[in-house]
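Residues per chain are reported as follows:
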Amino acid sequence: TIFTIGEIEKLFNISTQALRLYDRIDLLKPAYINEETGYRYYSIGQFVNLECIKRCKAMGFSLDEIKDLIDNDSSIEAMLELTRKQKHSIRQKIEELEKIENQINMLESKINDSLKVSFNKIQIVENNERVFSVYKEGYITQQQLEVSSRDVILAMGEKYEMLKHDLSFTISYEDMVKDNKVVYKSLSVEIDKSKEIDNSMKHIKLPAGKYITMYFEDSSIDNRKYYRKI
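**Section: the nonpolar core**
Next, step 1: Formed by 19 residues in total, the largest nonpolar core has its most connected members in Ile8, Ile14, Leu19, Tyr22, Leu50, Ile53 and Ile66.
Next, step 2: Every element with two or more residues in this core is listed here: helix H1 (5-12), helix H2 (16-24), helix H3 (47-58) and helix H4 (63-71).
Next, step 3: In contact with Ile14, other than residues within four places in its own chain, are Glu9, Leu19, Tyr22, Leu50 and Lys54.
Next, step 4: Within the second largest apolar cluster, eight residues are counted, among which are Ile140, Tyr184, Leu187 and Val189.

**Some remarks on the packing of aromatic side chains**
Next, step 1: The final tally for this structure, using the stated rule, is five aromatic pairs.
Next, step 2: With a centroid separation of 6.1 Å and 75 degrees between ring planes, the pair formed by Phe169 and Tyr184 is classed as edge-to-face. Of the two residues, Phe169 is situated in strand E6 (residues 167-171) and Tyr184 in strand E7 (residues 184-190); the sequence distance between them amounts to 15 residues.
Next, step 3: Classification of Phe169 by relative accessible area gives partly exposed; the value is 27%.
Next, step 4: Taking relative accessible area as the criterion, Tyr184 reaches 1% and is therefore assigned buried.
Next, step 5: By way of ring pairs, the aromatic residues Phe3, Phe12 and Phe47 are connected into one cluster.

**Some thoughts on the pattern of salt bridges**
Next, step 1: Counted by the stated rule, this structure contains six salt bridges.
Next, step 2: Residues Lys29 and Asp26 are paired through a salt bridge, measuring 3.2 Å at the closest nitrogen-oxygen approach.
Next, step 3: Assessed through its relative accessible area of 42%, Asp26 is described here as partly exposed.
Next, step 4: Where Asp218 meets Lys225, a salt bridge forms, and the shortest distance between an N and an O atom there is 3.7 Å.

**Let's talk about H1**
Next, step 1: All buried positions along H1 are accounted for by Ile5, Ile8 and Phe12. All buried residues of H1 fall inside an arc of 55 degrees around its axis, so they share one side.
Next, step 2: Asn13 lies just past H1 and shows a positive phi near 55 degrees.

**So, the sheet that holds strand E2 (residues 32-33)**
Next, step 1: Pairing is antiparallel across the open sheet formed by three strands, whose spatial order is E1-E3-E2. Two strands in the sheet have a free side with no partner beyond their single neighbour: strand E1 (2-4) and E2.
Next, step 2: Judged from the three bridges that link them, E1 and strand E3 (residues 40-43) form a sheet pairing that is antiparallel. Counted as the bridge partner of Thr4 is Tyr41 from E3.
Next, step 3: Contacting E1 and E3, H1 crosses the sheet at an angle of about 90 degrees to E1.

**Overview of the sheet that holds strand E8 (residues 203-206)**
Next, step 1: With respect to topology, four strands assemble into an open sheet ordered E6-E7-E5-E8, the strand pairing being antiparallel. The sheet is open, and its two edges are formed by E6 and E8, each paired on a single side. Ignoring which end each strand starts from, the neighbouring axes of this sheet average 35 degrees apart.
Next, step 2: Two strands pair when backbone bridges link them, and E6 and E7 are joined in this way by five bridges, in the antiparallel orientation. Counterpart to Leu167 in the pairing with E7 is Val189.

So, how was this worked out
Residues numbered from 1 in each chain as written. Predicted model: local features only at pLDDT ≥ 70, side-chain atom pairs only at ≥ 80, totals over all residues. Heavy atoms only, no water. Core = buried A, V, L, I, M, F, W, Y, C linked by side-chain atoms within 4.5 Å. Buried < 20%, exposed > 50% of the residue type's maximum accessible area, 1.4 Å probe, protein only. Helix = DSSP H or I, 4+ residues; strand = E, 2+ residues; numbered from the N terminus. Contact = heavy atoms within 4.5 Å. Phe/Tyr/Trp six-rings, centres within 6.5 Å; stacked < 30°, edge-to-face > 60°. Salt bridge = Lys/Arg side-chain N within 4 Å of Asp/Glu carboxyl O. Arc of directions from axis to C-beta. Pairing = 2+ DSSP bridges. Axes fitted to C-alpha atoms, helices over the stretch in contact; angles between N-to-C directions.

Structure below.
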């Protein structure tokens, strides 16, 4: 008994495009091809390989890996080793997705928190202890601030694999009072205290307590008016 490519498509839920691809790469060639019509036909004896291809693809194996399994009639040990590698690869993907989910949850939490605050209003806020790593010190121009901020976010992403990049810009109160200028003295980033802290960097620790706070929606270029208001 032989089956047309359309019948195989329905029986195994494999598209005709995929079956033609398997033919081209010698993964699964038809049992018979009508030379006059070019129609492909498959035999019952190929059902095992078809099912094997489907299951292996569902487990994430590449077509090359599946081809090796079928062509070489791999031993149980070889198949076990391949499944172990695939299991490890899947575990890594799950961990990556969990990290992404954590980042999305953190971003969602920040957005929800921002919806609860009063903007452009000076208020007293109770904060937990916070620790910041200092990335840049000294006089920082507005242009340097923008470039350095992007560099810090990229560096923190590579180092801690997280989205929690609360940047901190230290300004001089004396300069504000004396010359009415906003002068950036340092650029820092809040770190997750549960992670390993890089002791080679300088850190600023802000103790838990009440802080004069203002939330505002604006660019860093126009933030001077808010600092002056505080």
